[in-house]
Amino acid sequence: MNGVTTVSLMGVGGQGILLAAAIIAQTASAAGLRVKTSEVHGMAQRGGSVLSTVRFGKEVWSPVTHSADVVIATELLEGHRGLGLLGPEGALVCAVSTRIPPGSVLRGEQAYPEDLQAAAAAHGVRLIAVDAEALAREAGTLRAVNVALLGAASAVLPFTAESWQRGLTAAVPAKILAVNERAFALGRDAVVPEDAQTS
Amino acid sequence: MERTLFLSGNEALAHGAARAGATFACGYPGTPSTEILETIARLEGVHAEWCVNEKVALETAIGASRAGRRTLVTMKHVGLNVAADPLLTLTETGVTAGLVIVSADDPNMNSSQNEQDNRNYAKFAKIPMLEPSDSQEAYDFVAEAFALSEEFDTPVLLRPTTRVSHGRGQIVPGVPVAFEPREYVKDVTKHLMVPQWARLRTRFVIERLQRLRVRAEESPLNVLEAGTADFGIITSGISYVYAREAFPKAWFLKLGMSHPLPYRKVAQLYQHVSRVAVVEELDPFLEEQVRMLGLPVIGKEAIPANGELDQDVVFRALEPFLSRRPPRRRRAVFPPAPRLADLPPAPDLPVRPPVLCAGCKHRSVFTALRRHKVAAMGDIGCYMLGADPPLNALDSSLCMGAGIGIMAGFNKALGRKASVAVIGDSTFFHSGITALISAHYNEADGVVLILDNRTTAMTGHQGTPGSGVRPDLTEGPAIDLQKLCEGIGVRCVTVDATDYGGLKAALKAEIDAPGLSVFVAQAPCALMVRENLGAVIVDDERCNLCGLCLEIGCPAIAPGDDAVSIIDGCTGCGLCVAVCRRGALIPAGETS
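Thresholds, definitions, all that
Residues numbered from 1 in each chain as written. Chains lettered and ligands numbered in written order. Predicted model: local features only at pLDDT ≥ 70, side-chain atom pairs only at ≥ 80, totals over all residues. Contact = placed C-beta atoms within 7 Å. Nonpolar A, V, L, I, M, F, W, Y, C, P; charged D, E, K, R; others polar. Pairing = 2+ DSSP bridges. Helix = DSSP H or I, 4+ residues; strand = E, 2+ residues; numbered from the N terminus. Axes fitted to C-alpha atoms, helices over the stretch in contact; angles between N-to-C directions. Domains from an automatic or database assignment. Parallel < 35°, antiparallel > 145°, perpendicular 65-115°, else oblique. Left-handed = near helix turned anticlockwise from the far one by under 90°. pLDDT = per-residue confidence, 0-100. Buried ≥ 20, exposed ≤ 12 C-beta atoms within 10 Å, placed from the backbone.

**Considerations on the interface of chain B and chain A**
Note on interface size: it is often stated as the accessible area lost on association of the parts. Listed per partner, the contact involves 18 residues of chain B and 23 residues of chain A. In terms of residue class, the side of chain B that touches chain A is built from 15 nonpolar, two polar and one charged.

Here's what the structure looks like:
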């Protein structure tokens, strides 16, 4: 809206959503853009749904919105949830191999949604499906699922590699920077560019 | 001739409460409120207790109201600041039996450090405010306040000021009200104010205020009194008697129920007179609302905004205005009803509320507690999550430290150990300790379960007086809960939360024992120690899907077709192993 790009990060408490949002914010800042973020703390580490919003552009007023240009979801059900925020031009970057069933699903009261590909197609949304767990494991820690996804999301976000590097360096604690840089690179390389896809 | 009594306003409030069927009263002393509780303590059929402070008093009163007893709680104006935390959430939960909060204000600080106008709390909390102007009204208004409280599911503020509380006058006593105690029903949507339920109750509060305003328009407490002069006065409480004496020929809108303001009654007054003044002590509480209606009014430019009034002050203040030309514009513009935010659409996907972590060792306490038929008055923090299905182990969560006072009032009102309190160590230090002192002093029954993880976990592991850890991570002295509670004189047992069998037996002993005790369950926060003993292994042959392990609500156990399965996140804490009766769950280290 008004030249502002909104990225919503969705996941489960403890998956590093807040760090991922901080990396994007620092990256946008490094790219010379104005940026605002918003997140809800408190319950965030207790396995609940977590939503963090990053908005950047030449001028940003509000830190929140109920729609997004890009959704980055660190879990499959949260990816389904994120579809609701996206318009037809939107992109969903989702860790499709990560499934964390909530209590109502464990108790058999509700069904875990399966086919994200079809749901995204029905929404007219571009889906970038990533096996982020495998990438994170390859990078050296399962906890880097969030940053592996960011690498994949870099395909649809307007930042240079240099800005991303500055964003990572600014937001990630030094002692886990290297493993996260590896995860980011693996995520970036896992995405086939859209042009290549269609040709 | 009817028997009349000659009572102070405070005595009249006490007699009025007893007559209205109140059987529980508590408070903290403070001029000019003190004699209310002292008087009621001498009346038959009412249990009265001093609590350790006004916050605990209100929480104790909430417990008694939940137990179905009409309850009066008393304090002075500054005391309501101390009780503001429970008050501002009590407005959401409402009451079971009537709950009336007397806030005795002290304009001119005859015996106070400030002269705050507590009518503002009625607006803040969106609850009714009744203001008696003499002893008879003090006596009568209490019954009205209890009726309003129950009809509208709201606490009611009743505000005498010094000259009402400590003035004396004749009372014609009323016929006693027959009040049948109400029954407590567990309802987490009403009593457990986690965001999910509190958001719905907030809507209820806003709608309730609209309905209360309609009632204020019809209430016999709000009277339009005809006069002969072309002059009207809007007033409430003690200010009414001053204005009545100063201007006997004026019209009056006398507001016994001063919040919410009956806008149409105000407008009616303007149909009869061309000049209107608001006479009120302290803040322009009514005046601002009258001006908001677009009506010209004489207010704080004439009537002093501080100190007490009397008839001379009122006369001298308003008399010069009566010779001036009356204002022309007299049509009220009523504010529209407020809009409520749109309800979020019903989720079409499974919702994911926060849960007690896999490996949270305090899950054992809820697992043991839910086997007992007692209400569990919870607190704020991670342990609210014990309320979620399938544990369903809590009845209530109001504000920090509130569970203990609510338990004390609930059990005292019912005369048995009908509830326990569940609180974390950090919230116990926050304000549970004062409530424990109060419960002990008043010999309340109960068990206070302190789930001691040595940190403020929900907000991100900040230090507490129990850990000694400071914000800069230096360490100060760590306070020993066991010694602290024993120092108060309360029996205290400390158990290891990881030993489910021992914990279960110890908890049963405490719930079965008479009196009050503290039960400290110790184990560090699973997120801090991140201990992983290896995932539990399921013996598919032995598992018969009885569901016992699923009832502990661990997010790392899922039911399957033939047996349960252990999924990501298991830390091997072993609670599921301990509840399994068939030996189907095996700790990682014990497979052979």
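**What about the sheet that holds strand S17 (residues 491-496) of chain B?**
Residue and element names in this part refer to chain B. The strand order across the open sheet formed by five strands is S14-S15-S16-S18-S17, and the pairing between neighbours is parallel. Strands with a single pairing partner mark the edges of an open sheet, and in this sheet they are strand S14 (375-377) and S17. Sheet twist, expressed as the mean angle between neighbouring strand axes with direction ignored, is 25 degrees. Alignment of strand S15 (residues 419-424) against strand S16 (residues 446-452), held across four bridges, turns out to be parallel. Paired with Gly424 across the two strands is Leu451, which belongs to S16.

**A closer look at the domain arrangement of chain B**
Entries for chain B in the domain assignment read domain 1 (5-213), domain 2 (222-322), domain 3 (363-529) and domain 4 (537-590). Measuring from the centre of the C-alpha atoms in domain 2 of chain B to the corresponding centre in domain 4 of chain B gives 71 Å.

**Points about the sheet that holds strand S2 (residues 34-39) of chain A**
Residues and elements named next belong to chain A. An order of S2-S3-S1-S4-S5-S6 is seen for the six strands of this open sheet, with the pairing classed as mixed. Pairing within the sheet leaves two strands with one partner each, and these edge strands are S2 and strand S6 (126-130). Shown here is a sheet whose adjacent strand axes are inclined to one another by a mean of 15 degrees, direction ignored. Examined bridge by bridge, strand S1 (residues 5-12) and strand S3 (residues 49-57) share eight bridges and lie antiparallel to one another. When the sheet's bridge partners are listed, Thr5 is paired in S3 with Phe56. Taken strand by strand, helix H2 (residues 76-83) contacts S1, S3, strand S4 (68-73) and strand S5 (86-95), and its axis lies near 170 degrees from that of S5. Contacting S5 and S6, helix H4 (residues 116-123) crosses the sheet at an angle of about 160 degrees to S6.

**Comments concerning the packing of helix H5 (residues 132-139) of chain A against helix H8 (residues 177-190) of chain A**
Residues and elements named next belong to chain A. At their nearest, the axes of H5 and H8 sit 8 Å apart, and the two run at 140 degrees to each other. Between H5 and H8, the angle falls in the class oblique. When you trace H5 past H8, the crossing you get is right-handed. Judged by residue contacts, Ala132, Leu135, Ala136, Glu138 and Ala139 of H5 engage Val179, Arg182, Ala183, Leu186, Gly187 and Ala190 from H8. For the contact of H5 with H8, the residue count by class is eight nonpolar, one polar and two charged.

**Thoughts on the confidence of the model for chain B**
Interpreting fine coordinate detail is not advised for predicted regions of low pLDDT. For chain B, the average pLDDT comes to 96, and 99% of its residues sit at 70 or higher. Scoring the predicted complex yields pTM 0.94 and, for the interface, ipTM 0.87.

**Remarks on the environment of Gly560(B)**
Residues and elements named next belong to chain B. Counting through the fold element by element, Gly560 comes out in the loop between strand S20 (557-558) and strand S21 (565-566). You can call Gly560 exposed: it has 11 C-beta atoms within 10 Å. With 94 residues separating them along the chain, Gly560 and Gly466 place their C-alpha atoms 42 Å apart.

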